[in-house]
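# Examining the three-dimensional arrangement
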Amino acid sequence: MHVLRLALLGLAALVALILGWTFWIEANRLGSPPSSQNAEASVSPEAVEAARRAIEANLAAVPEYAEFLERMKTSFPVEYEAFLAKAARRAAATGERASADFLMIEAVRLLRASHGVLAAKAGQLALDHVFEMQLAMLRALAEKNQGLCVDFLYGGARGDFLEFSVANRGLVGAMASAGVEAIRDGQANRIDRDDPTAEDFQKLEEALRAKGLETPEIEALLDGKTPDPPLADARLCQAGVIYLEALAAMPEPQRLRIYGFAVELMARS
């Protein structure tokens, strides 16, 4: 049970962060044209360069994403150039203009794949901030669309998330910035932490019960069990909010062990 809980904690608590972003990636895939998958056609360097300029202008028109993109450009220039080159080749080959939101997802995914594991070695402030933004996103989703909130918890995606994303670019951009800052901090500090213990998870479960969660909700969040009958979206979404609040309130050593392990697990998935 201890190993299972460790695995599911990483998947449930971090699935939509910069280190995973499965939720956004899948939502974006559902909303993107099929032809965007076929960008390998031969195109001229001039066409690729023109597409790159258009992409940079497209991204520059969304100030909410500027901080993340600038941090990626300055701290991870190789990955930033690779992201732009891939997007420009696809755009030149297909003639399609990807949205700034689609492009943002691609940049985050590339950075996660190459350096995401470093965030697990970040200091307390940077690691805490990643989870603060996770909670902020969950609360926003709970207020707007509880079905999307549940998807966020479990890494699913519904087509209407793109609409939510466009309407909440400030929050999406802030969460991405928190992630890249944790990666940069981890790269600099290289903090090694022990894995969370069985006692850590026992304390977390006790905290969840103290906040009013019952066994079906706790098992759904920590053990991945599907309650019978299934929990309503509103109830499960609220349980997710309580879950992240309880984690944030744990003593620092326990909290950071769980945070660090979950980040590393998701980055390696």
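Look up a bit, the structure's there.
Scope of this entry: the structure provided in the associated data block.

The rules behind each value
Residues numbered from 1 in each chain as written. Predicted model: local features only at pLDDT ≥ 70, side-chain atom pairs only at ≥ 80, totals over all residues. Heavy atoms only, no water. Helix = DSSP H or I, 4+ residues; strand = E, 2+ residues; numbered from the N terminus. Expected span 1.5 Å × (residues − 1). Core = buried A, V, L, I, M, F, W, Y, C linked by side-chain atoms within 4.5 Å. Buried < 20%, exposed > 50% of the residue type's maximum accessible area, 1.4 Å probe, protein only. Contact = heavy atoms within 4.5 Å. Axes fitted to C-alpha atoms, helices over the stretch in contact; angles between N-to-C directions. Parallel < 35°, antiparallel > 145°, perpendicular 65-115°, else oblique. Left-handed = near helix turned anticlockwise from the far one by under 90°. Nonpolar A, V, L, I, M, F, W, Y, C, P; charged D, E, K, R; others polar. Arc of directions from axis to C-beta.

Phi angles above zero are rare outside glycine, and Arg190 is one such case at about 50 degrees. On the secondary structure map, Arg190 appears in the loop between helix H10 (169-189) and helix H11 (198-210).

An ideal rise of 1.5 Å per residue puts 30 Å on 21 residues; H10 measures up with 30 Å between its terminal C-alpha atoms. In the segment just after H10, Arg190 is the residue with positive phi, at about 50 degrees.

Time to look at the nonpolar core. Among the nonpolar cores identified, the biggest contains 74 residues, and Phe68, Phe83, Leu204 and Leu208 are the most heavily contacted of them. If you tally residues by element for this core, the top one is helix H7 (residues 124-144), at 11 residues. Sequence-distant contacts of Leu204, defined by excluding residues within four places in its chain, comprise Leu222, Tyr243, Ala246, Leu247 and Met250.

Before going further, it helps to examine the packing of helix H3 (residues 45-60) against helix H5 (residues 77-94). In a pair of packed helices, the angle between the axes and the distance between the axes together describe the arrangement. It is the contact of H3 with H5, at a shortest axis distance of 8 Å, that shows an interaxial angle of 115 degrees. Between H3 and H5, the angle falls in the class roughly perpendicular. For the crossing formed where H3 meets H5, the hand is right-handed. Every residue of H5 that contacts H3 at Ala47, Val48, Ala51, Arg52, Ile55, Glu56 and Leu59 is listed here: Glu81, Phe83, Leu84, Ala87, Ala88, Arg89, Ala91 and Ala92. Here the residues of the contact of H3 with H5 are counted per class, giving 11 nonpolar, no polar and four charged.

With 18 residues, H5 extends 26 Å from end C-alpha to end C-alpha; this agrees with the ideal 26 Å at 1.5 Å per step. Along H5, the residues classified as buried are Glu79, Tyr80, Phe83, Leu84, Ala87, Ala88, Arg90 and Ala91. Along H5, the residues classed as buried sweep out an arc of 165 degrees about the axis, all on the same side. Of the residues one or two after H5, Gly95 is the one with positive phi, at around 75 degrees.

Look at helix H6 (residues 100-115) against H10: their axes get within 11 Å of each other, and the N-to-C directions meet at 20 degrees. Taken together, the axis directions place H6 and H10 in an arrangement best described as roughly parallel. Our pair here, H6 against H10, has a crossing hand that is left-handed. Between H6, through Asp101, Met104, Val108, Leu111 and His115, and H10, the contact on the second element is made entirely by Arg169, Gly173, Ala176, Val180 and Ile183. Class assignment for the residues of the contact of H6 with H10 results in six nonpolar, two polar and two charged.

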